[in-house]
Structures are given as structure tokens and as C-alpha cells.
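What the coordinates show
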Amino acid sequence: MKLLLKLMFVGTGYAGYQAQDDESAPKPSIQRTLTAAFSECFGRPMRVTGCSRTDAGVHASGFCAAVEPYDGNSPDSWLRIPVGKVHRAMNRFLPPDISIAGEAAVEDDFHPRYSAVGKTYLYRMTDAPWRDPFTAAVAWQLPKPVSEDGMERMRRAASFIPGERDFSSFMAAGSKITDARRTVKVLTVERTGAHSIELTVSADGFLYHMVRIIAGTLADCAAGTMDPDELPAVLEARDRSRAGRTAPAHGLCLASVDYGRPIGWKCL
């Protein structure tokens, strides 16, 4: 048995999810922080496996990770805390910017990354004419307010992206991925407040920096430096240089992971 966790974290103080080989790195990783916390809580070495690698500064409200004893040979009785109450025991070991929002018991062959059939990301922007210190760490501050015409340009550009196709134009240069074909199921652009804009992107998988490049491209369309009607040609080109800028990491949040079946989350 493994314990599957739904995690929330503010990624500002971390070098992304993946544990770094260099333990002297300026910022810790989410994975190393979780591993240390669970090992201390359970009094034995624990293994933590995540659903995805996230860049430094990226946040999550629905990141999934599996926890199990490091030796891999322990009986199911290793978990002596009822599922749904593990977060209460872990609160004293986790830093305030990481929390457990759901727990479920899963089979030994369940993998939080390879068992997933899709993920949903949010990208948040603010177009307030002033710098808002309350959103500075979790939303991209655009250089000027976006007009309603600008919002319409973003939505038109976004309408060309969903579907199954090669997304090489929205993959960071230098990526080692050889198959850039993905299916984007949903891409919406909404104004969620007087000065808040939110992109929601759901797909069966994502390329390196894919959501951030989509967000930057839509922002360029809003600003009028890129024509939304160029998007079909941008996609067809399969050339990173044809798309817009890469939006900063701190506006990105992993919202949920789809496993194709109910997980039965508990948090009591």
C-alpha cells in the first residue's frame, strides 16, 4: 500500500519539486523537504514520488505525491495513522508554505505520474495599474491594464490551441522531448476580478514551459504585439521562435491531476 497525498504549496522559496543533487543549493526542493518531514514523522526513511516536476517558483493547489517506506518491503501496517488524519500528524513537521489537503490509500503499483491521464494548470495574471504586494508572489504583473478588446484578442488566440497536435512551438528550446504531440482539452481565459485574469489549461500532458509560453503568447496578443490570427501558423511551424514570450514561473499553479477514476480523498 502507498499513501497518496494531495498537496498545496507556495513554490516561492523552493527550487521546484525535484530533489537536487547538490544539497548546498540556495533553495531546497519540495521533494527533499517532504522526504525529510515524513521520515521524521514516521521514524524511518520514507520515499516520496511526485506527479510532476515543477519549475522553481511554481505553485500547486492539487499536486499529488505517493509516500511509502524507503525499503519497499514493509507490510501495509506501516501506516498506523488513519487515512484522512495524516495531515494532522504532519503539520508539526511541514513548513507553513506546504500543506496536505487530501489523503488516499492506493495500490502498490500506483504511480502518481505514470497513472495520470491528465493535468490542469492555472496561470494567474494581474493588470492593476499599481503593484499589489498581496499577489506579487502568485500572479504575473502585466505592464499595463488589459482592455476588453485585449481580452477578446486573448480569447481568440486561445481558441486556436485546443486539440491534438504537435506543440513544439510551445516547448522551451533545448528540451530533450522527441514527441511533442499532446492533446489540450480545455483552454479558457477569464477575468476573475477587477484586475485579475486567469488561464485554465487541461491536457493529457505538458511540454517543458508549455503553459508559460501559452500564457506569454496570449499576453502578447492582448498587448497588440502579436496578431491572434497568427496562432494557426505558429502551431503549424513547430518552431519555438514563432510563439510569444515565456511568462514567469510564479504565475503558474498546478491545480489538479486526473487519474481517470475517483480517488476517494479524505481530510478529516
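Let me begin by describing the structure that accompanies this report. (Residues numbered from 1 in each chain as written. Predicted model: local features only at pLDDT ≥ 70, side-chain atom pairs only at ≥ 80, totals over all residues. Heavy atoms only, no water.)

1. Details of helix α1 (residues 30-42)
Counted only if it meets this: To qualify as a helix, a DSSP run of H or I must reach at least 4 residues; to qualify as a strand, a run of E must reach at least 2; elements of each kind are numbered from the N terminus. To estimate how far a helix should extend, the number of its residues minus one is multiplied by 1.5 Å. The cut-offs for exposure are 20% and 50% of the maximum accessible area for each residue type, with area from a 1.4 Å probe on protein chains only; residues under the lower value are buried, those over the upper are exposed, and the others partly exposed. Residues are treated as being in contact if the distance between any of their heavy atoms lies within 4.5 Å.
Compared with an ideal rise of 1.5 Å per residue, which puts 13 residues at 18 Å, α1 spans 18 Å between its outermost C-alpha atoms and is within 8% of the ideal. By the burial criterion, the buried members of α1 are Ile30, Gln31, Thr33, Leu34, Ala37, Phe38, Ser39 and Phe42. Buried residues belonging to α1 abut β1 (2-9), β2 (46-50), β3 (59-69), α2 (86-90) and β4 (98-106).

2. As for the nonpolar core
This is how it is decided: We call a set of buried residues a nonpolar core when its members are Ala, Val, Leu, Ile, Met, Phe, Trp, Tyr or Cys and they connect through side-chain atoms within 4.5 Å of each other.
Phe38, Met125 and Phe170 are the most contacted members of the largest nonpolar core, which has 79 residues in total. Among the elements that take part in this core, helix α4 (residues 210-223) stands out by supplying nine residues, more than any other.

3. Comments concerning the side chain of Lys119
Inclusion rule: Asp and Glu count as negative and Lys and Arg as positive, but His and the ends of the chain are not part of the count. Salt bridge criterion: a side-chain nitrogen from Lys or Arg within 4 Å of a carboxyl oxygen from Asp or Glu.
With respect to the element layout, Lys119 can be found in strand β5 (residues 118-126). One buried charged residue, Lys119, forms no salt bridge at all, with the nearest opposite charge on Asp204 at 9.3 Å. Not counting residues up to four positions away in its chain, the partners in contact with Lys119 are Cys51, Ser52, Val201, Ser202, Ala203, Phe206, Leu254, Ser256 and Val257.

4. A short note on the environment of Ala255
Tracing the backbone through its elements, the reader meets Ala255 in strand β10 (residues 252-258). Residues Ala255 and Pro133, 122 residues apart in the sequence, show an inter-C-alpha distance of 23 Å. Beyond its immediate sequence surroundings of up to four residues, Ala255 is in contact with Ser61, Gly62, Thr120, Tyr121 and Leu122.

5. Let's talk about the packing of aromatic side chains
Here the distance between the centres and the angle between the planes together describe a pair of aromatic rings. What counts here: Note on aromatic pairs: the rings of Phe, Tyr and Trp (six-membered ring only in Trp) are paired at centre separations within 6.5 Å, and the planes decide the class, stacked below 30 degrees, edge-to-face beyond 60, tilted for the rest. Charge over a ring is defined by NZ of Lys or CZ of Arg lying within 6 Å of the ring centre and within 35 degrees of the ring normal.
The final tally for this structure, using the stated rule, is six aromatic pairs. An angle of 85° between the planes, with centres 6.3 Å apart, marks the rings of Tyr123 and Trp140 as edge-to-face. Here Tyr123 is found in strand β5, whereas its partner Trp140 is found in strand β6 (residues 140-141), with 17 residues between them in sequence. With respect to class, Tyr123 is no different from Trp140; both count as buried. Each residue in the set Phe9, Tyr17 and Phe63 is aromatic and connected to the rest through ring pairs, giving one cluster. Positioned above the aromatic ring of Tyr70 is the side chain of Arg47, whose terminal nitrogen or guanidinium carbon lies 4.7 Å from the ring centre.

6. Quick look at the pairing of β10
What counts is decided by this rule: Strand pairing is assigned whenever DSSP detects at least two bridges linking the two strands.
The element β10 is largely enclosed, with a buried count of five among its seven residues. With two bridges joining them, β3 and β10 adopt parallel strand pairing. In the sheet register, His59 faces β10, and the bridge partner there is Cys253. Bridge count for β5 against β10 is six bridges, and the pairing is antiparallel. By the bridge assignment for β10, Tyr123 is matched with Leu252.

7. What to know about the packing of helix α3 (residues 148-159) against α4
The following threshold applies: For helices, the fitted axis covers only the stretch in contact; all axes are lines through C-alpha atoms, and the angles between them, taken along N-to-C directions, range from 0 to 180 degrees. For this classification, under 35 degrees means roughly parallel, over 145 means roughly antiparallel, 65 to 115 means roughly perpendicular, and everything else is oblique. Working rule for handedness: look at the near helix, and if it is turned counterclockwise from the far one by less than a right angle, call the crossing left-handed; if clockwise, right-handed. Any residue outside Ala, Val, Leu, Ile, Met, Phe, Trp, Tyr, Cys, Pro, Asp, Glu, Lys and Arg is labelled polar, Gly included; the first ten of those are nonpolar and the last four are charged.
At a minimum axis separation of 7 Å, α3 and α4 run at an interaxial angle of 140°. Put simply, α3 runs oblique to α4. In this structure, α3 crosses over α4, and the sense of that crossing is right-handed. Along the contact surface, α3 presents Gly150, Arg153, Met154, Ala157 and Ala158, while α4 presents Leu218, Ala219, Cys221, Ala222 and Ala223. Residues belonging to the contact of α3 with α4 are distributed by class as follows: eight nonpolar, one polar and one charged.

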